[in-house]
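# Results of the structural survey
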Amino acid sequence: MKFGRIAWQGAIHEVTPGSDGRVRLADGREIAEGQFTWLPPVEVGTVFALGLNYADHAKELAFKAPETPLVFLKGPNAITGHKAFSRRPADATYMHYECELAVVIGKTGYRIAKEDAMQYVAGYSVANDYAIRDYLENYYRPNLRVKNRDACTPLGPWLVTRDEIADPMTLALTTRVNGKTTQQGTTADMIFDIPTLIAYLSSFMTLNPGDVILTGTPEGLADVKAGDVVETEIEGVGCLINTIVDDQTWSATA
Amino acid sequence: MEAHKPAVRGAVYGVILNDRDSLERMGPALADTPYKGAPKASVLYIKPAGTVVGSGAVVRLPAGESAVEVGATLGIVFGQGAARLPPEAVPAAIAGYVVVADLSLPHASYYRPAIREKCFDGACPVGSRIVPAAEVGDLAAVSLRTYVDGNLVATRSLADLVRDVPTLVADVSEFMTLRRGDTLLVGVTWQAAQARAGSRVRVEADRVGSVEFEIAAGEGAA
């Protein structure tokens with residue numbers, strides 16, 4: 001199954017895919033795109049993100065692959081939905097997307113064994129983990145100013161339940177900027193796979209339903225500018241669309 | 001120990017190296033590899049929901065660990081959303097302050113995010129009362145004391161903050177919204193006093209209150 005969340009006529013609805021790109025409400029009514037606002041498909045709890053979790057990307061950034069997972073966290077402010085806007089600050093010279101498979105936790109667990117880990121997965125979504133490289137410093141790197149900016153981590157459009165994805169470790173990832181493909185990879189190239197990440201994180205903290213693990217990105221980063229339309233797509237999971245805006249647009253009174 | 005609910009429920013954010021004492025003690029290391037210079041922006045981290053516990057909690061360390069740093073600090077609790085605020089608008093957004101013991105497994109390097117070290121279950125004991133800013137007054141006059149098994153092991157003053165509260169909140173809210181009910185810690189010191197498994201810890205702050213908890217060793221192999 002695929003589930004989305006939308007805001008429509010004063011309420012939040014869980015929806016499923018309808019016909020011709022519409023979404024279907026619980027009572028069967030279908031609503032066309034443009035009539036509603038996409039929300040992130042889950043109300044997120046703790047959001048983890050992985051750095052340097054693809055060997056080619058680590059090489060691209062001139063780092064050797066880490067020996068333990070390089071994890072950082074995101075606050076609720078960072079997460080936004082499908083077809084939303086993300087701000088590129090005026091002083092940034094390099095803001096890049098990162099297409100990532102998002103793993104949504106479905107049940108509570110602590111010290112989960114690797115061989116049991118997949119039972120704790122509710123499903124998958126697509127994330128775009130934007131970074132502003134200008135703000136990188138060598139303290140708790142990458143720090144929140146780089147990676148936890150308001151609405152700079154789009155998530156969605158769908159939560160695709162675990163049973164729909166036969167093997168999450170062989171999915172193609174693609175990013176297109178204004179229609180042109182700029183990033184291509186496969187989840188097969190992850191350094192720490194999903195069971196390893198769940199076992200690692202749950203070795204010191206309890207994972208709960210709604211927690212999300214953004215599993216890292218392959219090589220193929222490029223700068224994006226205000227006005228660019230960025231599509232991050234993962235085979236079988238979905239295509240997440242986001243538009244970059246400048247400070248004036250971001251801060252404008254509507 | 002009597003168990004209390006933590007006074008806060010929202011997201012908790014922290015900052016390191018926000019006191020001149022820590023910067024001075026790190027000294028020349030700041031210029032060396034891997035840091036290659038003192039930090040320019042506030043160095044932030046997140047204490048996720050599972051870390052927040054109330055006074056009276058028993059905090060069990062991750063497997064294989066037997067000691068923890070106790071970062072005595074205050075949390076700024078927001079009474080309204082704070083986004084892109086100038087410093088002069090910050091006081092109006094603050095509901096008050098709460099005493100916090102920001103626990104970390106000892107880690108020598110600040111280079112990479114310290115997730116295992118700072119985010120294990122129970123790693124953020126929080127006092128049970130938010131004290132209005134007007135009652136707390138000038139933070140420069142507030143001292144924090146850490147006791148382990150009744151012995152005073154650390155005292156710090158909030159008189160040497162690199163960024164005072166209005167400056168810190170203005171810097172942080174430039175790129176991330178602090179929501180009503182969220183907490184931003186004013187900073188912990190580098191290599192704070194440690195407590196070992198089996199000990200009882202108490203952190204108290206002038207005019208704000210105290211938080212008390214027990215440390216238990218991690219079970220099993222790491």
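Within each chain, residues carry numbers counting from 1 in the order of the written sequence. Labels are handed out in written order, letters beginning with A for the chains and numbers beginning with 1 for the ligands. For a predicted model such as this one, the threshold for reporting local features is a pLDDT of at least 70, and the threshold for listing and counting side-chain atom pairs is 80 or more; totals across whole chains, interfaces and linings nevertheless cover every residue.

### Some details on the overall build of chain B
- Secondary structure elements follow DSSP: runs of H or I of four or more residues count as helices, runs of E of two or more count as strands, with numbering from the N terminus. Counting its regular elements, chain B contains five helices and 13 strands.
- Each residue is classed by its C-beta neighbour count within 10 Å, where at least 20 other C-beta atoms makes it buried, 12 or fewer makes it exposed, and intermediate counts make it partly exposed; the C-beta atoms are placed from backbone geometry. Counting the 222 residues in chain B, one finds 49% classified as buried.

### What about the overall build of chain A?
- For chain A, the helix and strand inventory stands at four helices and 19 strands.
- Dimensions of chain A along its principal axes, counting C-alpha atoms only, are 50 × 45 × 30 Å.
- When burial is assessed residue by residue, chain A has 48% of its 254 residues classed as buried.

### Let's talk about the nonpolar core
- Counting residues in each nonpolar core, the largest one holds 135 residues, and the members touching the most others are Ala102 of chain A together with Val70 and Val98 of chain B.
- For every residue pair, C-beta atoms are placed from the backbone, and the pair is scored as a contact if these atoms sit within 7 Å. Excluding residues that lie within four positions of it along the chain, Ala102 of chain A makes contacts with Tyr124, Ser125, Val126, Ala127, Leu155, Val212 and Leu214 of chain A.
- For this entry, the nonpolar core is defined as buried Ala, Val, Leu, Ile, Met, Phe, Trp, Tyr and Cys residues connected by C-beta atoms within 7 Å. If you look at the next biggest cluster of nonpolar residues, it comprises five residues, including Ile6, Val15, Val23 and Leu39 of chain A.

### Some thoughts on helix H5 (residues 165-173) of chain B
- Residues Val165, Leu168, Val169, Val172 and Ser173 of chain B constitute the buried set of H5 of chain B. Angular distribution of buried residues about the axis of H5 of chain B spans 115°; they occupy a single face of the element. Note that the arc is computed from the directions linking the helix axis to the C-beta atoms.

### As for the interface of chain A and chain B
- The partner chain B presents 30 residues to the 25 residues of chain A that form the contact.
- Secondary-structure elements contributing two or more residues to the side of chain A that touches chain B are strand S7 (70-74) and helix H2 (144-147) of chain A.
- Of the residues forming the side of chain A that touches chain B, the biggest block, four residues, is contributed by S7 of chain A.
- Residue composition of the side of chain A that touches chain B, by class: eleven nonpolar, nine polar and five charged. For this classification, Asp, Glu, Lys and Arg are treated as charged, while Ala, Val, Leu, Ile, Met, Phe, Trp, Tyr, Cys and Pro are nonpolar and the rest, including Gly, are polar.

### Description of the sheet that holds strand S9 (residues 84-87) of chain A
Residues and elements named next belong to chain A.
- A strand pair is defined by DSSP finding two or more bridges across the two strands. Strand order in the open sheet formed by five strands is S9-S19-S18-S15-S16, and the pairing between neighbours is mixed. One side of each edge strand has no neighbouring strand; the edge strands of this open sheet are S9 and strand S16 (180-186). Between one strand axis and the next, the sheet turns through 25° on average, direction left out of account.
- Direction of pairing for strand S15 (residues 172-177) relative to strand S18 (residues 229-234): antiparallel, over a ladder of five bridges. Its bridge partner being in S18, Thr175 is matched across the sheet by Thr232. Note on geometry: axes are C-alpha line fits, over the in-contact stretch for helices, and angles between N-to-C directions span 0 to 180 degrees.

### Structural notes on the domain arrangement of chain A
All names here are of chain A.
- Throughout, the edges of the domains are those of an automatic or database domain assignment. For chain A, the assigned domains are domain 1 (1-39) and domain 2 (42-251).
- Relative to domain 2, the C-alpha centre of domain 1 lies at a distance of 24 Å.
- Contacts between domain 1 and domain 2 engage six residues on the former and nine residues on the latter.
- Sorting the residues of the side of domain 1 that touches domain 2 by element identifies strand S1 (2-8) and strand S5 (37-39) as the ones contributing at least two each.

### Regarding the pairing of strand S12 (residues 121-128) of chain A
Residue and element names in this part refer to chain A.
- By the criterion of burial, S12 is predominantly enclosed, with eight of the eight residues buried.
- Bridging between strand S11 (residues 99-105) and S12 involves seven bridges; their strand directions are antiparallel. Counterpart to Ile105 in the pairing with S12 is Val121.
- Pairing of S12 with strand S14 (residues 153-161), which is carried by four bridges, proceeds in the antiparallel orientation. Pairing of Val126 across the sheet is with Gly156, part of S14.

### Digging into the environment of Gly79 of chain B
- Note that Gly79 of chain B resides in the loop between strand S5 (67-78) and helix H2 (90-93).
- When residues no more than four places from it in sequence are discounted, the contact partners of Gly79 of chain B are Ala93, Ile94, Ala95 and Arg180 of chain B.

### Regarding the sheet that holds strand S12 (residues 200-205) of chain B
Residues and elements named next belong to chain B.
- Strands sit in the order S4-S13-S12-S8-S9 across an open sheet of five strands; the sheet is mixed. Every other strand in the sheet has two partners, leaving strand S4 (57-60) and strand S9 (151-157) as the edge strands with one partner each. Mean inter-strand twist for the sheet, computed between neighbouring axes without regard to direction, equals 25°.
- With four bridges joining them, S4 and strand S13 (residues 209-216) adopt parallel strand pairing. Paired with Arg60 across the strands is Ala216, a residue of S13.

### So, helix H3 (residues 194-202) of chain A
Residues and elements named next belong to chain A.
- Within H3, burial applies to Ile194, Leu197, Ile198, Leu201 and Ser202. Down the axis of H3, the buried set is contained in an arc of 115°. They therefore lie on one face.
- In this fold, the buried residues of H3 make contact with strand S6 (47-51), S11, S12 and strand S17 (212-214).

### Points about the pairing of S6 of chain A
All names here are of chain A.
- In terms of residue burial, S6 counts as a mostly covered element, since five of its five residues are buried.
- The pairing of S6 with S7 spans five bridges and is classified as antiparallel. Its bridge partner lying in S7, Ala49 is registered against Phe72.
- Looking at chain direction, S6 and S17 are connected through three bridges and run parallel. From the neighbouring strand, Phe48 faces S17, where its bridge partner is Ile213.

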